[in-house]
Amino acid sequence: MANYDLNAVSGINAASNGLAVISNNLANAETVGFKSSRAEFADLFSGSQGSPGNGVRVDAITQDFTQGTLNDTGRELDMAVDGEGFFILEDKTGKYENVYTRNGSFKLDKDGYITDQSGNKVQGYLLNETLSTENEPVFETTLSSIDLDELNKKPQATDEMTYDINLDGQEVNNVDPAGTTYTGPVPPVTPAEIAAYDGDDSIGSSENLTTLMQPAQGTYQGSSDYATKKTIYDSLGGEHQLNISYYKRDVVDAGTSDIDANGIPTAVSGDPGVKYTSWLVQYTITDDEGNYTGHLADTAGGVINDGGGNPYEGQIYEMRYDTNGNLLGVYQPDNGAGAYDPTQISPTSGGVADADAAVGVTADNLSTAPVGIWAQVDGTPTLNFVIDNPLTGATDPLGGEIAGTPDNFQIELDFTEMTQYSGSYDLGGVSQNGYQVGDLVGLTTGSDGTIEARYSNGRSVPVAQLALANFTDKNALEKLGGQTYAETFASGTVQIGSPEQNGYGSITAGSLEYSNVDTTGELVHMIQTQRTYQASAQVISTSQTLTQTILNL
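Attention in this report is confined to the structure presented alongside it. Computed from a prediction, not measured in an experiment: that's the story for all the values here.

### Digging into the environment of Pro52
Inspection of the secondary structure assignment puts Pro52 in the loop between β1 (37–43) and β2 (56–63). Among the residues examined, Pro52 registers a relative accessible area of 74% and is labelled exposed.

As structure tokens, then:
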């Protein structure tokens, strides 16, 4: 066979491979996540420099990893990578640690895991429930399969609450419209007795403080300046209505104030006092009809009673704001050792002896009337309520277990976002972290890959963040079919990161990335390759004619 016959045969073989690549591209023009390929040809050469060459071969079949078209599907579990990166899947066959794909057509398997349509589990960073707060999710740093069902297999008791509320700085002082009962000597002797005798109606008076803490014994005749409600949960998932009421007590001037600009008692810091505004916040737990169902308790669940054997339905704190509207500190009735002690308050002690707000004189500090009853909270304010009307089978009191003290529970309160600016009350949000058992009803995926699951108990949780992978040489990945790839030595070590970080693309939820095949372009290539095939075949036909001519001589 002549040399040009062999060259023509190599041309036919190369064109056949080129047509195979084109036909594969056209066949997958509608395949989700498919990346088109092209055949790259190289000449064959051997012998002297005067040799005409030895034909052609397919040097490589190269994939085009450019972005495909994103089409909206509206399906929650359809996701597309807009930019660099592959979804990471756990290989169910066990042959590879992970496999990689651009096909974001996912589903939930029977166990609640997100998988591809072949059953390979999607990998991501799970929520770190220990470090996360209700408003600031923190994710693990190692890859795991994403289970949307596990988080709500059992209920969680409320053990954290966060408050973001602005109290109106122009609110007038809250006073008892019915007036308080004076129990001191007649005629009054001390300045405090004189002020009380003349009409001490302040919400901070001993008598009114007692009604806030024991409303079942005698209701405060006035009303709160601002109130809101929040459902909290016990360890069995039982719902309880927490009522939060705010009362503007008074303004304490710098000459009377017992705290400095950092909220530290002046007796400790030695710095001068600063002017502040005093607010009281009251907590109670009731049913839908307003009946008190909870009573104040210690962290071990023992109900606290006053000297007459009566329980406390309310828990109160004092909040102090500086002249810029920032929270200086939170104060509580204190036993002198840093523990909340409601028994320090009675109708005749524990409150202030303010004159009526209309007089316009400065108020006194709760902590100095008398000294030692009110003190700044050391650490985090807490709620300690037992649900005993009726009794429940949940832990007592409400809340999460205190670290290092088994069988002691409480709910921690975060007031750091509380402010006091003039104008109006603004409820930025009151959040809590308890919930009942719930079933998955939907999910939302953010552009940063954060998957937020919605459950039938009303809970929305950022359960995980998708991870993306990339490689130095994508064309060196091993093709596995089903639009999946595996890492090879030539591809380089897998690089893993999060969407929208370090050059990785974003996630478009409710969409799929379709094939990047250019159908028109492929048809043009097919015609060109067909001509190459026909030309090579014509060379063989010509060779046969020449050979026949020689044989006929």
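### Considering the sheet that holds strand β18 (residues 374–376)
Within the open sheet, the six strands sit side by side as β12-β13-β14-β16-β17-β18. Their pairing is antiparallel. Edge positions in the sheet fall to β12 (226–233) and β18, since each of these pairs with one other strand and no more. Shown here is a sheet whose adjacent strand axes are inclined to one another by a mean of 30°, direction ignored. As paired strands, strand β16 (residues 315–321) and strand β17 (residues 327–333) are joined by four bridges and run antiparallel to one another. When the bridges of β17 are listed, Tyr321 appears paired with Leu327.

### Re the nonpolar core
By size, the foremost hydrophobic cluster in this structure holds 50 residues, and its most contacted members are Met161, Tyr163, Leu242, Tyr246, Tyr283, Leu413 and Met418. At six residues, strand β14 (residues 276–286) tops the list of elements feeding residues into this core. One finds Ile146, Val463, Ala467 and Tyr504 within the second-largest nonpolar core, a separate group that totals 38 residues.

### Here we look at the pairing of strand β29 (residues 478–481)
Bridge count for β29 against strand β30 (residues 484–486) is three bridges, and the pairing is antiparallel. Bridge pairing links Lys479 to Tyr485 in β30. Between β29 and β30, which follow one another and run antiparallel, lie two residues, and Gly482 among them has a positive phi close to 65°.

### Observations concerning the environment of Asn24
Positionally, Asn24 belongs in helix α1 (residues 3–27). C-alpha separation for the pair Asn24 and Ser202, spaced 178 residues apart in sequence, amounts to 84 Å.

### Describing the pattern of salt bridges
Inspection of the entire model under this criterion finds 11 salt bridges. Glu40 is paired through a salt bridge with Arg38; the nearest N and O atoms lie 2.7 Å apart. Of the charged contacts in the structure, one is a salt bridge between Arg102 and Glu513, with a shortest N-O distance of 2.9 Å. One end of the pair, Arg102, is in the loop between β6 (98–101) and β7 (106–108); the other, Glu513, is in strand β33 (residues 511–513), with 411 residues separating them in the sequence. As far as burial versus exposure is concerned, Arg102 and Glu513 are alike and both buried. One connected set of salt bridges, linked through shared partners, spans Arg249, Asp258, Glu318 and Arg320.

### Re the pairing of β6
With burial as the criterion, each face of β6 is covered, one bearing Asn98 and Tyr100 and the other bearing Val99 and Thr101. In the sheet, strand β5 (residues 86–90) pairs with β6 via four bridges, with the strands oriented antiparallel. Considered in β6, the bridge of Leu89 is made with Val99. In the sheet, β6 pairs with β30 via two bridges, with the strands oriented antiparallel. Bridge pairing in β30 places Tyr100 opposite Tyr485.

### Some thoughts on helix α3 (residues 206–213)
The buried count for α3 comes to seven of eight residues, which makes it a mostly enclosed element. Among all positions in α3, only Ser206, Asn208, Leu209, Thr210, Thr211, Leu212 and Met213 are buried.

### Some words on the side chain of Asn384
In this structure, Asn384 sits in the loop between β19 (382–383) and β20 (385–387). Asn384 sits in the buried class, given a relative accessible area of 8%. Within polar-contact distance, the side chain of Asn384 engages the side chain of Thr382 at 3.1 Å.

Rules used in this analysis
- Residues numbered from 1 in each chain as written.
- Predicted model: local features only at pLDDT ≥ 70, side-chain atom pairs only at ≥ 80, totals over all residues.
- Heavy atoms only, no water.
- Helix = DSSP H or I, 4+ residues; strand = E, 2+ residues; numbered from the N terminus.
- Buried < 20%, exposed > 50% of the residue type's maximum accessible area, 1.4 Å probe, protein only.
- Pairing = 2+ DSSP bridges.
- Axes fitted to C-alpha atoms, helices over the stretch in contact; angles between N-to-C directions.
- Core = buried A, V, L, I, M, F, W, Y, C linked by side-chain atoms within 4.5 Å.
- Salt bridge = Lys/Arg side-chain N within 4 Å of Asp/Glu carboxyl O.
- Polar contact = N/O pair within 3.5 Å; in protein donor to acceptor, adjacent residues only side chain to side chain.

Keep in mind that these numbers describe shape and distance, not what the molecule does.
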